[in-house]
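If you want the building blocks of each chain, they are given just below.
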Amino acid sequence: MTQVVSLSFYRFDTMMGRTWAFAMMGLARPILAGIPDIGFWKLCGSGAGEGFDIKPNINVFAILATWPDLETARRTQAENSLFNRYRRKAAEAWTVYLTTDTVRGAWSGQSPFTVSHTDATGPLAVITRATIKPSIMSRFWGRVPNISAVIGQDPNVLFKIGIGDVPWMQQVTFSIWPNSKVMSDFARTGPHAEAIKAVRDEGWFREELYARFTLLHDEGTWGGSSPLTRSEAA
């Protein structure tokens with residue numbers, strides 16, 4: 001079997017919906033833990049702006065999970081009562097299914113993603129996740145506006161969002177790129193490259209993870225259509 005990662009995004013447009021989603025950041029934990037066949041999982045809030053931002057976006061929440069295969073992932077998403085409640089209460093929902101191409105580092109002390117060794121080409125997704133040391137938090141967030149501005153202006157970025165399992169301290173970026181060259185070129189230039197150098201030179205993170213994925217399938221819409229469909233039309 002090939003491990004599959006699902007990442008589901010939910011947008012809530014009403015105060016009642018936002019309040020429910022915020023409460024579920026705590027209440028959904030035992031429910032997720034009891035879902036058959038689920039592996040590693042995380043409930044996440046999101047940041048405003050492009051990429052990620054110190055300001056929270058109270059409209060958008062996400063659930064990341066791993067599964068033994070695509071069939072199990074899709075069936076659980078379709079039939080499980082928790083995921084159904086999220087979709088019913090959300091104004092919009094989108095789930096993307098991925099297999100892991102490369103991964104290094106840890107998330108909450110675990111190695112959550114299993115490499116599948118596919119030879120896929122074309123669009124790819126990237127997850128970066130880090131636990132920021134409190135002593136350098138002001139320096140870290142001082143660099144964020146420049147990085148966010150650059151990624152927001154880059155027409156090659158097919159999709160990007162900043163999420164996190166703990167506000168300000170534990171940050172995740174998820175992005176989709178047309179190919180590995182475009183993604184690498186962005187990472188090696190400008191504010192992002194400068195931030196990476198500072199991370200290495202000054203030891204900003206207590207824990208970090210970097211993973212690249214092949215896109216398998218998606219369900220739902222984001223911004224009125226599937227971001228993957230928009231990428232195919234570009």
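Read on for an overview of the structure. (Residues numbered from 1 in each chain as written. Predicted model: local features only at pLDDT ≥ 70, side-chain atom pairs only at ≥ 80, totals over all residues. Heavy atoms only, no water.)

Considerations on the overall build of the chain
Inclusion rule: Helix numbering and strand numbering both begin at the N terminus, where a helix is a DSSP run of H or I of at least 4 residues and a strand a DSSP run of E of at least 2. Burial status follows relative accessibility: with a 1.4 Å probe on protein chains alone, a residue under 20% of its type maximum counts as buried, one over 50% as exposed, and anything between as partly exposed. Residue contacts are counted whenever heavy atoms from the two residues lie within 4.5 Å of one another. Note on areas: Shrake-Rupley, 1.4 Å probe, and residue coverage restricted to the protein chains presented here.
Scanning the chain from N- to C-terminus turns up seven helices and eight strands. Within the chain, buried positions represent 49% of all 234 residues. Look at the contacts in the chain between residues 6 or more apart in sequence, and 76% of them connect residues 24 or more apart. For the chain, the accessible area works out to roughly 11,200 Å², and carbon and sulfur atoms hold 55% of it.

Side note on the side chain of D218
Note the cut-off: Between N or O atoms, a polar contact is any pair within 3.5 Å; within protein, one atom must be a potential hydrogen donor and the other a potential acceptor, and residues adjacent in sequence are included only when both atoms are from side chains.
Tracing the sequence through the fold places D218 in strand β8 (residues 205–220). A distance of 2.7 Å separates polar atoms of two side chains, one belonging to D218 and the other to W94. Side-chain polar atoms of D218 contact the side chain of S226, separated by 2.4 Å. When residues no more than four places from it in sequence are discounted, the contact partners of D218 are W94, T95, V96, Y97, S226 and L228.

Thoughts on the nonpolar core
Side chains that are nonpolar tend, in soluble globular proteins, to be buried together. How we decide: The nonpolar core is taken to be a set of buried Ala, Val, Leu, Ile, Met, Phe, Trp, Tyr and Cys residues, with the residues joined through side-chain atoms within 4.5 Å.
Counting 27 residues, the largest nonpolar core has F9 and F174 as the members making the most contacts within it. Contributing elements (two or more residues each) for this core: β1 (4–11), β3 (60–67), β4 (92–105), β5 (124–132), β6 (159–166), β7 (170–177) and β8. Here the element with the most residues in this core is β8; it accounts for four residues. In this structure, F174 is in contact with L7, F9, V96, L98, A125, V126, I127, F159, K160 and I161, ignoring residues within four places of it in sequence.

Re the pairing of β5
Just so we agree on the cut-off: We treat two strands as partners when DSSP finds at least two bridges between them.
Of all the nine residues making up β5, eight are buried; the element is thus mostly covered by neighbouring parts of the structure. By the bridge criterion, eight bridges tie β5 to β7 in an arrangement that is antiparallel. Note on β7: the bridge partner recorded for V126 is S175.

Notes on the environment of I163
Note on placement: I163 falls in strand β6. Here the alpha-carbon distance between I163 and V60, two residues 103 residues apart in the chain, equals 8.9 Å.

Comments concerning the pairing of strand β2 (residues 41–46)
Burial analysis of β2 places six of its six residues in the buried class, which makes it a mostly covered element. The pairing of β2 with β3 spans four bridges and is classified as antiparallel. Along β3, the bridge assignment pairs W41 with A65. Here two bridges tie β2 to β6, and the two strands are oriented antiparallel to one another. Looking at β6, one finds that S46 is bridged to I163.

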